[in-house]
Amino acid sequence: VDWPVFAWIAFLHVGALAAPFFFTWKAVGLFFGLWWLTGGIGICLGYHRLLTHGSFQTYPFMRRLIAVCGCLAGEGSPLMWVATHRKHHAFSDQEGDPHTPRDGGWWSHVLWLFPGNEEGGQDKLFSRYAPDLLKDPFMPFLHRTFLLWHWGLGFALFLTGWYFWNAYTGWSFVFWGIFL
């Protein structure tokens, strides 16, 4: 079991259960805004269309900014997401597919995240399926600092809510903006 991944996902779910106790309408609006930014722009447009499939090109700064948005969705670093998705396409629903539904619905949606990798497994995965991302030093940096971005966003959200309203609003921004 990859315990850091398990702990991260468990931590997010426990925090999500606490979110209703910190309800504000401002936090609900923040939730929808961050959901669109991280999921729609970061994952769908960024990780999937731009970084995985190269469906379009953009300036290096914009590519990196979109990658940060994807990182904040909590689905892994650009290196991990892109390499795993490319491997999935290489072995779709066959032996070697990292999240094939042939191994069951729970495996294909959640459980595939938890098995630990052998020594150097991530490096092999990245060099085989995401060598283009390894050429940009910012992508390995995002991989190494993945959780720090979330802590930084949580801190910024708390300070924003607290500064403009009060501490309760700050906490509502953290729970609705990070955990949900």
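Structure: see above.
My aim in this report is to walk through the structure given alongside it, one point at a time. Computed from a predicted structure; not experimentally measured. (Residues numbered from 1 in each chain as written. Predicted model: local features only at pLDDT ≥ 70, side-chain atom pairs only at ≥ 80, totals over all residues. Heavy atoms only, no water.)

1. Structural notes on helix α3 (residues 60-71)
An ideal rise of 1.5 Å per residue puts 16 Å on twelve residues; α3 measures up with 16 Å between its terminal C-alpha atoms. By the burial criterion, the buried members of α3 are Arg 63, Ile 66, Ala 67, Val 68, Cys 69, Gly 70 and Cys 71. Looking at the buried positions of α3, the neighbouring elements they touch are α2 (25-52), α4 (78-90), α7 (131-134), α8 (138-144) and α9 (146-164). (Helix = DSSP H or I, 4+ residues; strand = E, 2+ residues; numbered from the N terminus. Expected span 1.5 Å × (residues − 1). Buried < 20%, exposed > 50% of the residue type's maximum accessible area, 1.4 Å probe, protein only. Contact = heavy atoms within 4.5 Å.)

2. Digging into the nonpolar core
Membership of the largest hydrophobic core comes to 39 residues, with the highest contact counts inside it found for Leu 51, Leu 133, Met 139, Leu 142 and Trp 176. When residues in this core are grouped by element, the largest group, eight residues, is from α2. Residue contacts for Leu 142: discarding those within four places in its chain leaves Ala 67, Val 68, Cys 71, Ser 77, Pro 78 and Trp 149. (Core = buried A, V, L, I, M, F, W, Y, C linked by side-chain atoms within 4.5 Å.)

3. What about the side chain of Asp 136?
Structurally, the position occupied by Asp 136 is in the loop between α7 and α8. Residue Asp 136 is classed as buried on the basis of its relative accessible area of 11%. Only 2.7 Å separates the side chain of Asp 136 from the side chain of Arg 64, close enough to count as a polar contact. For Asp 136, the contacting residues outside a window of four places in its chain are Arg 63 and Arg 64. (Polar contact = N/O pair within 3.5 Å; in protein donor to acceptor, adjacent residues only side chain to side chain.)

4. Looking at the state of the cysteines
Enumeration according to the criterion identifies zero disulfides in this entry. In this structure Cys 44 is not part of a disulfide, and its nearest cysteine sulfur, from Cys 69, lies 13 Å away. Since its relative accessible area comes to 47%, Cys 44 is described here as partly exposed. Here Cys 71 stays free of any disulfide, with the sulfur of Cys 69 as its closest cysteine sulfur at 10.0 Å. For Cys 71, a relative accessible area of 0% gives the class buried. (Disulfide = S-S within 2.5 Å.)

5. Examining the packing of α4 against helix α6 (residues 121-129)
Interhelical geometry of α4 versus α6 gives an angle of 65° and a closest axis separation of 9 Å. Regarding the angle of α4 to α6, the classification is roughly perpendicular. Between α4 and α6 lies a crossing of left-handed hand. Each of Leu 79, Met 80, Ala 83, Thr 84, Arg 86, Lys 87 and Ala 90 in α4 lies in contact with α6, whose residues at this interface are Gln 122, Leu 125, Phe 126 and Tyr 129. When its residues are assigned to classes, the contact of α4 with α6 shows seven nonpolar, two polar and two charged. (Axes fitted to C-alpha atoms, helices over the stretch in contact; angles between N-to-C directions. Parallel < 35°, antiparallel > 145°, perpendicular 65-115°, else oblique. Left-handed = near helix turned anticlockwise from the far one by under 90°. Nonpolar A, V, L, I, M, F, W, Y, C, P; charged D, E, K, R; others polar.)

6. Considering unusual backbone geometry
In this model, Asp 93 sits at a positive phi of 55°, which is unusual for a non-glycine residue. The topology assignment puts Asp 93 in the loop between α4 and α5 (105-109). Given a relative accessible area of 33%, Asp 93 falls into the partly exposed group.

7. A short note on α4
Note on helix geometry: an α-helix contains 3.6 residues per turn, so any two residues three or four positions apart are oriented the same way. The end-to-end C-alpha distance of α4 is 18 Å, a good match for the 18 Å that 13 residues give at a rise of 1.5 Å each. Along α4, the residues classified as buried are Pro 78, Leu 79, Trp 81, Val 82, Ala 83, Thr 84, His 85, Arg 86 and His 88. For α4, the secondary structure elements touched by its buried residues are α2, α3, α6, α7 and α8.

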